[in-house]
Amino acid sequence: MTSPIEERVRIRPGVSGGVTPDSSYHLLSWPYSMALGRLNPVQRALLHRLGREPVPIEELVEQDLSLLRSEGWLDATVTWSGTDLYTVEPERPQEPPQGEIPAELALSRFAIMRRDRNELVLESPRSWCRVRLHDSRALAWLGPARLADDDIPVVHRLRRDLWAAGLALSPADDQDDGSPSWQPHELWFHHRSRTQLTGVPYGKGAWASGRPALREPFAGEVVELARPDPVRVRVGDPALTTVLERRRSIRRHDETRPLTATQLGEFLSRCARNRELYRAHGADYVSRPHPSGGALHELEIYPVIRRVSGLEQGLYRYDPQRHRLERVGGATPEVRLLLRTAAASATESEEPQALLVIAARFGRVMGSYQSMAYSLIMKNVGVLFQTMYLVATAMELAPCALGGGNPAAFAAATGLDPMEEGSVGEFALGSVLQGAER
């Protein structure tokens, strides 16, 4: 006798409902909503049951409420022989599969599996839902089909549901899916940081009160930096349009006339000093010359000095509150590796006179902006890059934002936990080599 397969549904978490003055029922889960119209007493009772407990799918069909399932308002759990095997959890309305189910199926190259408490979750940025596996047998059935599985109907049911969800597809289709330029990790990042999904925290949430605006200083010696004369800067700077038109990436520096500590101090002051530190609604906020999401300003600047007049070689941290440098360490192998990596990233044989490693205090943003936090940090890095370009151009220095760095070398050089504070950008700075190509 074949073991029975059952499907039960219930309203997914995070959905609220209400009745309008004209007795019309509405469901809401931002950013989605659906008007159900006027329901009869049996339908209303079933809707309330769906909010409290799982209900056999047959009752949904009988009461003409199947639209709740197709529009993504219900979690659906498949049970076999009285055991819950997996649950289909929609993140948005269903997308009907195209064509017939292929004879051969494989997990999509964009699919990943992760642990959530004591269960496993299978999901993909190309799917309208995620599948939560409750039973280890379901995990075994995700692999290639075996002859012994041919007589197990629930195996076919699982594979059919994965195909309908876009989590599994024909191996041939997976290689020619219309998006060959997307790497899985990039598509995941784009998907999770741009879209409001059911069950995934998004946007600004509760503030993490334990993340102060100012980080603890390093214990090394302190180098005070010269502050620029604001009147001289305002009077002597070229016009904004002139700076925008002149802006270029300049990779080669003048070794006979290197960058000076005074110039570096002016540059850092104009780009990244704390103009104001204030507290509001129980949280610390900062104002700097460049904007930052939520006024959090999680970015820290670590100058790596190779050849700057007035400064010893080594790694420093810029203190934006006191406008000074804190010495982190000398020209260690890890620090030298940061400079070599910068030269390779700029496709130059010569290392920059100064490399500004931009690090992020991740918790300062992640405690507030949830799943979009890293995306916001990257945007903040871009804003800081543009500010650095414009200030360097106005000061007639050689700026160049770099495409990559060495987070492991930075962590080793600073002794910082890369999960707490890690490098997220690099910017080369030096003196302009007269007559050099730009």
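In the block above lies the structure referred to throughout.
Calculation rules
- Residues numbered from 1 in each chain as written.
- Predicted model: local features only at pLDDT ≥ 70, side-chain atom pairs only at ≥ 80, totals over all residues.
- Heavy atoms only, no water.
- Core = buried A, V, L, I, M, F, W, Y, C linked by side-chain atoms within 4.5 Å.
- Buried < 20%, exposed > 50% of the residue type's maximum accessible area, 1.4 Å probe, protein only.
- Helix = DSSP H or I, 4+ residues; strand = E, 2+ residues; numbered from the N terminus.
- Contact = heavy atoms within 4.5 Å.
- Pairing = 2+ DSSP bridges.
- Axes fitted to C-alpha atoms, helices over the stretch in contact; angles between N-to-C directions.
- Parallel < 35°, antiparallel > 145°, perpendicular 65-115°, else oblique.
- Left-handed = near helix turned anticlockwise from the far one by under 90°.
- Nonpolar A, V, L, I, M, F, W, Y, C, P; charged D, E, K, R; others polar.
- Polar contact = N/O pair within 3.5 Å; in protein donor to acceptor, adjacent residues only side chain to side chain.
- Expected span 1.5 Å × (residues − 1).
- Salt bridge = Lys/Arg side-chain N within 4 Å of Asp/Glu carboxyl O.

Our focus in this paragraph is the nonpolar core. Of all hydrophobic cores here, the largest spans 43 residues; its most connected members are Phe267, Met388 and Leu429. Only α10 (261–272), β15 (283–287), β16 (299–305), β17 (314–319), β19 (354–361), α12 (362–369), α13 (373–394) and β21 (421–431) provide two or more residues apiece to this core. Setting aside residues up to four positions removed in sequence, Met388 forms contacts with Phe267, Cys271, Ile301, Leu356, Ile358 and Phe427. Counting residues in each nonpolar core, the second largest holds 22 residues, with Val88, Leu142, Ala165 and Ala168 among its members.

With that out of the way, let us pick up the sheet that holds strand β1 (residues 5–11). Two strands in a sheet stick together by hydrogen bonds in their backbones, pointing the same way (parallel) or opposite ways (antiparallel). Read from one edge to the other, the open sheet built from seven strands follows the order β5-β1-β6-β7-β11-β10-β9, with strand pairing classed as antiparallel. On the outer flanks of this sheet lie β5 (55–56) and β9 (112–116), each paired with one strand and no other. With three bridges connecting them, strand β10 (residues 119–123) and strand β11 (residues 129–133) associate as antiparallel partners. By the bridge assignment, Val121 is partnered in β11 with Arg132.

This brings us to the environment of Gly382. In this fold, Gly382 is placed in helix α13. Separated by 19 residues in the primary sequence, Gly382 and Ala401 place their C-alpha atoms 9.4 Å from one another.

What follows deals with the sheet that holds strand β2 (residues 16–19). Taking strand neighbours across the sheet as the criterion, the three strands line up as β2-β3-β4 in an open arrangement whose pairing is antiparallel. Strands with a single pairing partner mark the edges of an open sheet, and in this sheet they are β2 and β4 (32–37). Strand-to-strand, the axes of this sheet are offset by a mean angle of 20°, without reference to chain direction. Bridging between strand β3 (residues 25–29) and β4 involves five bridges; their strand directions are antiparallel. Residue pairing for β4: Leu27 is matched across the bridge by Met34.

The contact between α12 and α13 brings their axes to 9 Å, and the two run at 130°. The angle between the axes of α12 and α13 places the two elements in the oblique class. Classified by chirality, the crossing of α13 by α12 is right-handed. Side by side, α12 and α13 meet where Phe362, Val365, Met366 and Tyr369 of the first sit next to Ala373, Tyr374, Leu376 and Ile377 of the second. Here the residues of the contact of α12 with α13 are counted per class, giving eight nonpolar, no polar and no charged.

Moving on, we get to the side chain of Arg132. Along the chain, Arg132 turns up in strand β11. Using a relative accessible area of 9% as the deciding quantity, one classes Arg132 as buried. Among the polar contacts made by the side chain of Arg132, one reaches the side chain of Asp116 at a distance of 3.0 Å. Ignoring anything within four residues of it in the chain, the contact list for Arg132 reads Leu85, Tyr86, Thr87, Glu89, Asp116, Arg117, Glu119, Leu120 and Val121.

The next point concerns the side chain of Ser269. Residue placement: Ser269 occurs in helix α10. For Ser269, a relative accessible area of 5% puts it in the buried group. Look past the residues within four positions of Ser269 in its chain and what remains in contact with it is Pro228, Pro289, Tyr318 and His323.

With that settled, consider α13. In this model, α13 (22 residues) spans 32 Å end to end at C-alpha, consistent with the 32 Å of a helix rising 1.5 Å per residue. For α13, the buried fraction is high: 16 of the 22 residues fall into the buried class. Phi turns positive one or two residues past the end of α13, at Glu396, with a value near 60°.

This next bit is on the pattern of salt bridges. Applying the stated rule across the entire model yields 31 salt bridges. Of the charged contacts in the structure, one is a salt bridge between Arg336 and Glu351, with a shortest N-O distance of 3.0 Å. Taken together, the residues Arg336 in helix α11 (residues 333–345) and Glu351 in the loop between α11 and β19 connect sequence positions 15 residues apart.

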